[in-house]
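# Structural description and commentary
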Amino acid sequence: MNKDLTVGKPSTVLWKFCLPLFGSVIFQQLYNLADSFVAGQFISEEAAAAVGNAYEITLIFIAFAFGCNIGCSVITSKLFGAKRFTELKTAVYTTLISCGVLCAALMVFGFCCGETLLHLINTPENVLADSLLYLEIYVLGLPFVFYYNVATGIFSALGDSKTPFIFLACSSTANIAADILFVTAFDMGVAGVAWATFICQGISCVLAVIFVFKRFSKIKTQEKAGIFSWKLLGEIAVVAVPSILQQSFISVGNIVIQSMINTFGSGVMAGYSSAIKLNSLVLTSITTLANGISNFTAQNLGAEKPSRVKEGFKVGVKLVWIICIPLALLYFFGGKYLIYLFLDSPSEEALHTGITFLRIVAPFYFVIAMKLVADGILRGAGKMKKFMVATLTDLVLRIILAKIFSASLGATGIWIAWPIGWSVATVLSLVFYRSEKIGEKEASKEK
C-alpha cells in the first residue's frame, strides 16, 4: 500500500514507516549471517574465514546496487510527494534499464578479476579456493541483487515499507533452511552456502519486481509514461553516483583493512569474520532507517513541506538510539556467546579476536547512529557533496590509523581505529546538517 509521508504527525509517520524497514534489514542480514553460521558450524573454521573474506569483495558490488537503490528512491520520493506520477514511472523504467547495463559490466569484471582481487587482499592459500568459489557464484546472482535493491527503493519511495519486509522474512528464513540442507544433506560445502543464497535471493527479486509493476498499474496517469529519460537519468545519477562512490570507497577501504587482517592468519580472520557480520547487522540496520528518513525528507521537500524535516531528524535519532541500546549491551557483554553462533569450536585466537572487536566498537554505536541520521537528511535533500566528505573522512582516518596502530598493537590496533573515525565523521555530519538548516531556512518560504 502506498503511503504519503507528507501528512500526519511526523513522529507517528516515521515510526510506522521505519519499523518495517528495520525488520527488513534484520532479515536481509540473515542472508550473510546464515552463510557464516552454516559455514562455521557445519563445515570448518577455514570455511567461515573463506566466506567472510569473499564477503568483503562482494561489498563492492553491493555498493553499486545500494547507490541505484538510493538514487531511484530519492528522486521517485520527490516525484511522488509532488504528485508527478507520469515522471515517476519514467524514472523507475529509466533506473531499471540503466541498472541492467551497469550490472552486466560488473558481472564481467567480477568473473575476470575475482581471483586477482582475492590475491590483492592477501587471502591465505588455505582459504583461497573456497573464497573464489563463493565469490563467483555470488557474481552470477548479481542481477537479483541489483533489481531487488531497486524494487525495495521504489516501495520505500511510495511510502510502503511493509511489502519488502514480507518478501525478506520469507526468503531469508528459506535461505537458512536451504543453507543447512545443501551443506549437510548434499555435502556441497561452501558452494552449497553460495547456491542457497543465490536461489533465495532470486525468488525474492522476481516477486518484488512483479509486485512493483502490479503497484504501478494502479497509479493512474493522464499520459503514457516514457520508458527512458536522459533528464531523469541525470537527476538520479546526481544522487546515485555519489552514493555509489561513497559505498565503493568504504568497500575498498574495508578491503584494505581486510588485507591487513589477513596477515595475522586464519584464526584472526575467522574471529573478525564473525564479529564484522554482527557489526554490519547494527550498521546496516541504522543505515536502512536513515534511508527511510531520506525518503521522508525527499517526499516532504517535493511536497514543499520542509518544516517537517527538522522534526524528522529528532525522531530519527530517538529511533536509532532505541535500537542501539540493546545491541550495544548484548555485543559488549555477550560477544563471546555470539561468536559461538558462527564457529562451532573456535580457536582461542578466533574467539579473542571477535570478543575484542565487539567490545571496542559497541559503545560507539550511539555516535555513528547520529551521523547516519544526519546523512539521511542530507541525502534526501540532495546535499551529496557534504554527505560524501563526512563519510570519506571516516574511511581515510580508519585506514591510516589501522595501519599505524596495528604496527605496535597488532590486530587490536585495527579495531581501535573504528571509533576514532566514527567520532570525527559524526561531528562533521552534524555540522553540515546544522549549517544547511534544511528544515529551518526553507520553512520560512513555506509560510
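Quick caveat: nothing in here was measured; it's all calculated off a predicted structure. (Residues numbered from 1 in each chain as written. Predicted model: local features only at pLDDT ≥ 70, side-chain atom pairs only at ≥ 80, totals over all residues. Heavy atoms only, no water.)

This brings us to the environment of Y337. By the element assignment, Y337 lies in helix 10 (residues 307-342). Judged by its relative accessible area of 60%, Y337 is exposed. The sequence separation of Y337 and I355 amounts to 18 residues, and the corresponding C-alpha distance is 9.2 Å. (Helix = DSSP H or I, 4+ residues; strand = E, 2+ residues; numbered from the N terminus. Buried < 20%, exposed > 50% of the residue type's maximum accessible area, 1.4 Å probe, protein only.)

Here we take up the packing of helix 2 (residues 45-81) against helix 3 (residues 85-120). Direction vectors running N to C along helix 2 and helix 3 enclose 170°, while the axes themselves pass 10 Å from each other. Regarding the angle of helix 2 to helix 3, the classification is roughly antiparallel. For the contact of helix 2 with helix 3, the class distribution of residues is 17 nonpolar, 4 polar and 1 charged. (Axes fitted to C-alpha atoms, helices over the stretch in contact; angles between N-to-C directions. Parallel < 35°, antiparallel > 145°, perpendicular 65-115°, else oblique. Nonpolar A, V, L, I, M, F, W, Y, C, P; charged D, E, K, R; others polar.)

On the surface, a nonpolar cluster with roughly 490 Å² of combined accessible area is contributed by I199, I203, V206, L207, I210 and F211. With respect to the helices and strands, the residue I203 is situated in helix 7 (residues 189-217). (Patch = residues over 30% accessible without salt bridge, like charges linked within 9 Å, V, L, I, M, F, W, Y side chains within 5 Å. Areas by Shrake-Rupley, 256 points an atom, 1.4 Å probe, with all protein chains shown as cover. Salt bridge = Lys/Arg side-chain N within 4 Å of Asp/Glu carboxyl O.)

On inspection of all chains with the given rule, the structure shows 5 salt bridges. For E235, the salt bridge goes to K231, with nearest N and O atoms at 2.7 Å. Placement of the pair is E235 and K231 together in helix 8 (residues 230-262), with a separation of 4 residues, close to one helical turn. Its relative accessible area of 55% is what places K231 among the exposed residues.

Now for the nonpolar core. One recurring pattern in soluble globular proteins: nonpolar side chains tend to sit buried together. Counting residues in hydrophobic clusters, the biggest one holds 71 residues, and the most contacted among them are I57, F61, L142, F146, I154 and F216. Among the elements that take part in this core, helix 2 stands out by supplying 15 residues, more than any other. If we ignore the near neighbours within four places in the chain, the residues touching I57 are L117, L118, I121, L135 and I255. By size, the runner-up hydrophobic cluster in this structure holds 69 residues, among which are I257, V320, L338 and A381. (Core = buried A, V, L, I, M, F, W, Y, C linked by side-chain atoms within 4.5 Å. Contact = heavy atoms within 4.5 Å.)

To continue, consider helix 8. For helix 8, the principal kink sits at A237 and spans about 35°. N-capping of helix 8 is provided by S229, with a side-chain oxygen placed 3.4 Å from the backbone N of K231. (Bend = angle between axes of the 7 residues up to and from the residue. Polar contact = N/O pair within 3.5 Å; in protein donor to acceptor, adjacent residues only side chain to side chain.)

We now examine the side chain of T123. Looking at the element boundaries, T123 is found in the loop between helix 3 and helix 4 (125-140). A distance of 2.6 Å separates the side chain of T123 from the backbone oxygen of L118, its partner in a polar contact. Excluding anything up to four places from it in sequence, T123 contacts N53, L118, L128, S131 and N262.

Mean pLDDT over the protein chain works out to 84, with 95% of the residues at or above the 70 mark. Considering each helix and strand of the protein chain separately, the mean pLDDT is smallest for helix 15 (residues 443-446), with a value of 47, and largest for helix 11 (residues 348-361), with 93. This stretch, residues 442-447, has a pLDDT under 50; its non-local contacts, to residues over four places away or in other chains, come to 9 contacts. (pLDDT = per-residue confidence, 0-100.)

How two aromatic rings sit relative to each other is given by the distance of their centres and the angle of their planes. Applying the stated criterion across every chain, the model contains 18 aromatic pairs. Plain terms: the ring middles of F144 and F198 are 5.3 Å apart, the flat faces sit at 65° to each other, and that makes the pair edge-to-face. Placement of the pair is F144 in helix 5 (residues 142-157) and F198 in helix 7, with a sequence separation of 54 residues. Between the aromatic rings of F357 and W415, the centroid separation amounts to 5.3 Å while the plane-to-plane angle is 85°, which identifies the pairing as edge-to-face. In this pair, F357 sits in helix 11 while W415 sits in helix 14 (residues 411-436), placing the two residues 58 residues apart along the sequence. When sorted by exposure, F357 lands in the same class as W415, which is buried. A cation over a ring is seen here: K214 above F211, with NZ or CZ 5.8 Å from the ring centre. The residue whose ring lies beneath R398 is W418, and the NZ or CZ to ring-centre distance is 5.1 Å. (Phe/Tyr/Trp six-rings, centres within 6.5 Å; stacked < 30°, edge-to-face > 60°. Lys NZ or Arg CZ within 6 Å of the ring centre and 35° of its normal.)

A word on the layout of surface pockets. There is about 190 Å³ of room inside the second largest pocket. Lining the second largest pocket are C68, T95, S98, C99, L102, L233, I236, A237, A240, V241 and I244. Elements that contribute at least two residues to the lining of the second largest pocket include exactly helix 3 and helix 8. Counting residues per element, the lining of the second largest pocket draws most heavily on helix 8, which supplies 6 residues. Split by residue class, the lining of the second largest pocket holds 9 nonpolar, 2 polar and no charged. (1 Å grid on protein atoms, 1.4 Å probe; cavity = no way out; pocket = protein on both sides within 12 Å on 5 of 7 lines; lining within 4 Å. Points joined across faces, edges and corners; volume = space filled by probe spheres on them.)

Moving on, we get to the packing of helix 2 against helix 5. Relative orientation of the contacting elements helix 2 and helix 5 amounts to 25°, with a least axis distance of 8 Å. Viewed along their axes, helix 2 and helix 5 adopt a mutual orientation that is roughly parallel. Relative to helix 5, the crossing made by helix 2 is right-handed. Packed against helix 2, whose contacting residues are F61, F64, A65, F66, C68, N69, C72, S73, T76, S77 and F80, the element helix 5 presents L142, V145, F146, N149, V150, T152, G153, I154, S156 and A157 at the interface. Of the residues contributing to the contact of helix 2 with helix 5, the split by class is 13 nonpolar, 8 polar and no charged. (Left-handed = near helix turned anticlockwise from the far one by under 90°.)

This part takes up the side chain of S156. With respect to the helices and strands, S156 occurs in helix 5. Not counting chain neighbours up to four residues away, the residues in contact with S156 comprise F17, L21, S73 and N295.

Of note, the phi angle at K83 is positive, near 60°, even though the residue is not glycine. With respect to the element layout, K83 can be found in the loop between helix 2 and helix 3. If you check the backbone angles, E304 has positive phi at about 60° while not being a glycine. Note on placement: E304 falls in the loop between helix 9 (266-302) and helix 10.

A separate point is helix 3. Residue C113 marks the point of greatest curvature in helix 3, where the axis turns by about 60°. Two residues or fewer past helix 3, N122 is found with a positive phi of approximately 60°.

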